[in-house]
Amino acid sequence: MSTVDKPRPLPIEPTRPFWDALAQHRITIPRCDRCGTWVWYPRPRCPGCLSNELTWTPVTGAGTVHTSTVTRQPIHPAFADETPQVQAIVELDVGVRMTTTLVDVEPRVVEVGTAVEPVFDDGPDGITLLRFRPVRRATDPSVSAGPPSPGRR
Amino acid sequence: MTGGLRGEAVVAGVAEYAPERRYLGPRVMTLEQWGDLAAMALDDAGIPAGDVDGLVCSTVRESDMFVPATIAEYLGWRVDYAERVDLGGATPVGMVWRAAAAIELDLCEVVVCAAPARPTPSLPAHMPRAWSPFGASSAIMGSPQAEFDIPYGNLAQNGGYAMIANRYAAEFGYDPRATAKIAADQRTSACANPDAVFFDTPITIDDVLASKVVADPLHVLEIVMPCAGGAAVVVTSAERARRAGSPHRPVHVVGCGEHLAHKTPTYTPDLVRTPVGHAADRAFAMAGLARHEVDVVEPYDCYTITVLLTIEDSGFCGKGEGMAFVRDHDLTYRGDFPVNTHGGQLGFGQAGLAGGFSQLIEGVRQVRGACGGRQVADCDIAFVTGTGGIMSEQAAVLLRGG
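Here the structure is a predicted model, which is why all the values come from computation and not from measurement.

(A) Layout of the interface of chain B and chain A. Taken together, the 36 residues of chain B in the interface contact 37 residues of chain A. Each partner contributes to the roughly 3200 Å² buried at the junction of chain B and chain A, and carbon and sulfur atoms together form 62% of this total. On the chain B side of the interface with chain A, the three residues burying the most area are E147, F148 and Y152 of chain B, jointly 24% of the side's total. Between D216 of chain B and R72 of chain A there is a salt bridge, and its shortest N-O distance comes to 2.7 Å. At the boundary of chain B and chain A, one finds 17 residue pairs in polar contact (both at pLDDT 80 or more). When residues of the side of chain B that touches chain A are traced back to their parent elements, those giving at least two are helix 4 (144–148), helix 5 (158–172) and strand 5 (213–215) of chain B. Among the elements that take part in the side of chain B that touches chain A, helix 5 of chain B stands out by supplying 7 residues, more than any other.

(B) Representation of the pairing of strand 1 (residues 9–20) of chain B. Residues and elements named next belong to chain B. With 9 of 12 residues buried, strand 1 is to be regarded as a mostly interior element. Alignment of strand 1 against strand 7 (residues 228–237), held across 9 bridges, turns out to be antiparallel. Following the sheet pairing, V10 is matched in strand 7 by T236. Note: strand 1 against strand 8 (residues 251–260), 2 bridges, orientation antiparallel. By the bridge assignment, V11 is partnered in strand 8 with V251.

(C) Spatial organisation of the packing of aromatic side chains. One pass over the structure, following the stated rule, counts 15 aromatic pairs over all chains. Where W19 of chain A meets F148 of chain B, the ring centres are 5.5 Å apart and the plane angle is 15°; that geometry is what we call stacked. Here the residue W19 of chain A occupies a position in helix 1 (residues 16–23), and F148 of chain B occupies one in helix 4, the pair thus bridging two chains. Residue F148 of chain B is classed as buried on the basis of its relative accessible area of 3%.

(D) Focus on the sheet that holds strand 8 of chain B. Residues and elements named next belong to chain B. Spatial strand order, 3-2-4-7-1-8-11-10-9: 9 strands in an open sheet with mixed pairing. Each edge of the open sheet is held by one strand with a lone partner, namely strand 3 (81–84) and strand 9 (296–298). Pairwise comparison of adjacent strand axes, ignoring direction, gives a mean angle of 20° for this sheet. Lying over the sheet, helix 2 (residues 67–75) contacts strand 2 (54–57) and strand 3, oriented at roughly 130° with respect to strand 2.

(E) Layout of empty space enclosed by the protein. All told, the structure shown has 3 cavities of 30 Å³ or more when counted by the stated rule. Here the largest cavity defines a volume of roughly 130 Å³. Taken together, 18 residues make up the lining of the largest cavity; nearest its centre are T71, Q73, I75 and Q87 of chain A together with G153 of chain B. Elements that contribute at least two residues to the lining of the largest cavity include exactly strand 4 (85–92) of chain A together with helix 5 and strand 5 of chain B. When grouped by side-chain class, the residues that make up the lining of the largest cavity number 7 nonpolar, 11 polar and no charged. The calculated volume of the second largest cavity comes to roughly 50 Å³. What lines the second largest cavity is simply F18, W19, W40, M98, T99 and L130 of chain A together with F148 and Y152 of chain B. Broken down by secondary-structure element, the contributors of at least two residues to the lining of the second largest cavity are helix 1 and strand 5 (97–101) of chain A. Its residues assigned to classes, the lining of the second largest cavity comprises 7 nonpolar, 1 polar and no charged.

(F) Focus on the environment of G320 of chain B. Residue and element names in this part refer to chain B. Looking at where G320 falls in the secondary structure, it is placed in the loop between helix 10 (304–313) and helix 11 (322–328). Separated by 149 residues in sequence, G320 and E171 have C-alpha atoms that sit 8.1 Å apart. Setting aside residues up to four positions removed in sequence, G320 forms contacts with Y168, F172 and E312.

(G) Focus on the packing of helix 6 (residues 176–190) of chain B against helix 10 of chain B. Residues and elements named next belong to chain B. Remark: helix 6 packs on helix 10, axes separated minimally by 8 Å, with the N-to-C direction vectors making an angle of 100°. Taken together, the axis directions place helix 6 and helix 10 in an arrangement best described as roughly perpendicular. Of helix 10, the residues touching helix 6 (which contributes T179, I182, A183 and Q186) are T304, V307 and L308. Along the lines of polarity and charge, the residues of the contact of helix 6 with helix 10 split into 4 nonpolar, 3 polar and no charged.

(H) The arrangement of unusual backbone geometry in detail. Across the junction of W40 of chain A and Y41 of chain A, the peptide omega takes the value 0°, indicating a cis bond. Within the secondary structure, Y41 of chain A is located in the loop between strand 1 (27–32) and strand 2 (54–59). P84 of chain A follows T83 of chain A through a cis peptide bond whose omega is -5°. Locating P84 of chain A in the fold gives a position in the loop between strand 3 (63–71) and strand 4. Despite not being glycine, N340 of chain B has its phi angle at roughly 50°, a positive value. With a phi close to 50°, D378 of chain B is a non-glycine residue in the positive phi region. Turning to its location among the elements, D378 of chain B is positioned in the loop between helix 13 (354–368) and strand 10 (381–388). We classify D378 of chain B as exposed; its relative accessible area is 68%.

Criteria and cut-off values
Residues numbered from 1 in each chain as written. Chains lettered and ligands numbered in written order. Predicted model: local features only at pLDDT ≥ 70, side-chain atom pairs only at ≥ 80, totals over all residues. Heavy atoms only, no water. Contact = heavy atoms within 4.5 Å. Buried area = accessible area lost by both parts, 1.4 Å probe. Salt bridge = Lys/Arg side-chain N within 4 Å of Asp/Glu carboxyl O. Polar contact = N/O pair within 3.5 Å; in protein donor to acceptor, adjacent residues only side chain to side chain. Helix = DSSP H or I, 4+ residues; strand = E, 2+ residues; numbered from the N terminus. Buried < 20%, exposed > 50% of the residue type's maximum accessible area, 1.4 Å probe, protein only. Pairing = 2+ DSSP bridges. Phe/Tyr/Trp six-rings, centres within 6.5 Å; stacked < 30°, edge-to-face > 60°. Axes fitted to C-alpha atoms, helices over the stretch in contact; angles between N-to-C directions. 1 Å grid on protein atoms, 1.4 Å probe; cavity = no way out; pocket = protein on both sides within 12 Å on 5 of 7 lines; lining within 4 Å. Points joined across faces, edges and corners; volume = space filled by probe spheres on them. Nonpolar A, V, L, I, M, F, W, Y, C, P; charged D, E, K, R; others polar. Parallel < 35°, antiparallel > 145°, perpendicular 65-115°, else oblique.

That is the geometry; function is a separate question.
And the structure:
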């Protein structure tokens, strides 16, 4: 357990619908009504065309590992209890890329392209973080019976 | 290309505090260091301080805002061009091309650019901290990083560069001995540079691979060593430099480019085709130079993977060929493709924002022919890059001897 408080998301008005849905274990991503761009992270105007007409659109959270690493030294003391940590960029099937961590895996680099599914990591502050784990297949050697998803604090 | 720099501005003066891993000297405020470095660089250029009519700065400890005016007032300068550049490690290269452009526009004639980076006096306990445990990441409420990156432990640099390296591995393959060779070759050059923090401390490829892994696949010897230091340069017109009667060969800024599109690499369209490619294309086209005409390459080197991607994306070899290129070439100052001839920041030391000046100043000194034992023979053209954030903002300049 870390002695330093972990930095937690502080939702602001344009992002709150994402966190509210996530707390109910649903993933919604803004999509531009005008040009169709899926917008991640949430913001009030589309970075494709600057339209402010976006619609929160449900997605399954299915995706693949775009890249990953294992951080073996905490860069910040608050994350000492999560080290080694499998940090990743996950690309959802709708194309957006998210910063996340991979859980239920051994602390090693997870192969690019590995299919992943969402893990809803509920915190005591009412915020849920969106982590991912490899989709379990009976014969997939990259999936281990590693430690379970971290509980919050 | 039409337009762009005409090569009429020169880097006429340079000054550096030699980097120190453990700074034991007196602690003075940033403004005092600014003045000290500026005086040394003006002295090198042979230009009196009263002739300064432009300044380019970054941050100072004493003020969050109005930094150029603070510096001008403190140093007694009346300037017609003042700018603060905020490009992380690309700041020094970004400063120099801006100064050159301002001179060619006839806005001003003598511009000082500086980045002090020695420790300053300790603050009383109740004063707000200048240092942040979040590194270059912003933990301020409303910052996308504070909300969508930092809570996952993704902050500062190591993880991002490691993920870029692993994405590269998946697309093109990865040879740990090649990236380690970048560190080892640069260290050979550092051992020929008495100012380098790792002077007299050679390392081998095996030493690099045996060093601790910080974030897979990056070893600690592939990551820069933070240290104390500082640097300044004087940019002026070629004509003004001539009048100053400087003993140095004039070093013209003949091409430049800059590109940025993201802060956090999660949100870049392509992790392994980096912004320096666009910046380099623009710089070479502006200068009317070809890659094979370059005598020394001084790429920003916060990590070995940064060097590899910069060599590749700047067009010195094909995309995906960087590992083989590094294996096939001797990157030391005495080699067939000299890279970071001062040792790079990996061998010389990274003194905050002055780290990026080390590459620029080495390029100037090589073109001057002033590098002593590590001088590259017949050096006329230097290619220098700067990299900020996590391959976020990158800038390039071409320097040419007059």
